[in-house]
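# Topology and contacts: notes
Below, each chain spelled out in residue letters.
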Amino acid sequence: VQLVESGGGLVRPGGSLRLSCAASGFTFSNYEMSWYRQAPGKERELVAHITSAGGSTNYADSVKGRFTISRDNAKNTVYLQMNSLKPGDTAVYYCNARNDFFDYWGQGTQVTVTS
């Protein structure tokens, strides 16, 4: 089982990034997918979640209207489009796959928002 995040980096406030998480080793379409983030000295927090078929999404209040989660079950990939980035969005972003029986995590990708 692998979840491999990519797309992180350094961006100025107001900028955009698109994170990707490529999944392998399990039946991706059977899993709900989420993005979490963890800033230095803080607990890991849920950023966005999408159901297995992609029909429903939800977001942390802090990112609503700025971030969009989506998935392509044909490509076994989940995305996080991040717009209007703020310094407070700086964190390591983790991809998570979950169903009733299993819970998988990626290794994380760093997002740094600074002027």
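Residues numbered from 1 in each chain as written. Predicted model: local features only at pLDDT ≥ 70, side-chain atom pairs only at ≥ 80, totals over all residues. Heavy atoms only, no water.

## Section: the pattern of salt bridges
Within the structure shown, the criterion is met by five salt bridges. Between Asp-89 and Arg-37 there is a salt bridge, with the nearest N and O atoms lying 2.9 Å from each other. Here Asp-89, found in the loop between β8 (77-82) and β9 (91-98), pairs with Arg-37, found in strand β4 (residues 32-38); they are 52 residues apart in sequence, far enough to count as distant. For the pair formed by Asp-89 and Arg-37, the shared burial category is buried. (Salt bridge = Lys/Arg side-chain N within 4 Å of Asp/Glu carboxyl O. Helix = DSSP H or I, 4+ residues; strand = E, 2+ residues; numbered from the N terminus. Buried < 20%, exposed > 50% of the residue type's maximum accessible area, 1.4 Å probe, protein only.)

## Focus on the environment of Tyr-93
On the secondary structure map, Tyr-93 appears in strand β9. For Tyr-93, a relative accessible area of 0% corresponds to the buried category. The spatial distance from the C-alpha of Tyr-93 to the C-alpha of Leu-19 is 8.6 Å, given a sequence separation of 74 residues. Sequence-distant contacts of Tyr-93, that is, excluding residues within four places in its chain, are made with Glu-5, Leu-19, Trp-35, Tyr-36, Arg-37, Val-47, Phe-67, Leu-80, Met-82, Gly-108, Thr-109 and Val-111. Within the structure, the side chain of Tyr-93 is placed 2.6 Å from the backbone oxygen of Asp-89, a separation counted as a polar contact. (Contact = heavy atoms within 4.5 Å. Polar contact = N/O pair within 3.5 Å; in protein donor to acceptor, adjacent residues only side chain to side chain.)

## A few points about the environment of Arg-66
Within the fold, Arg-66 resides in the loop between β6 (57-59) and β7 (67-72). Given a relative accessible area of 10%, Arg-66 falls into the buried group. Non-local contacts of Arg-66, meaning those with residues more than four positions away in its chain, are made with Gln-81, Met-82, Asn-83, Ser-84, Leu-85, Lys-86 and Asp-89.

## Considering the environment of Thr-57
As for its placement among the helices and strands, Thr-57 is situated in strand β6. With a relative accessible area of 36%, Thr-57 lands in the partly exposed category. It is 22 Å that separates the C-alpha atoms of Thr-57 and Phe-26, two residues lying 31 residues apart in sequence. Once you skip the residues sitting within four places of it in the chain, Thr-57 turns out to touch His-49, Ile-50 and Ile-69.

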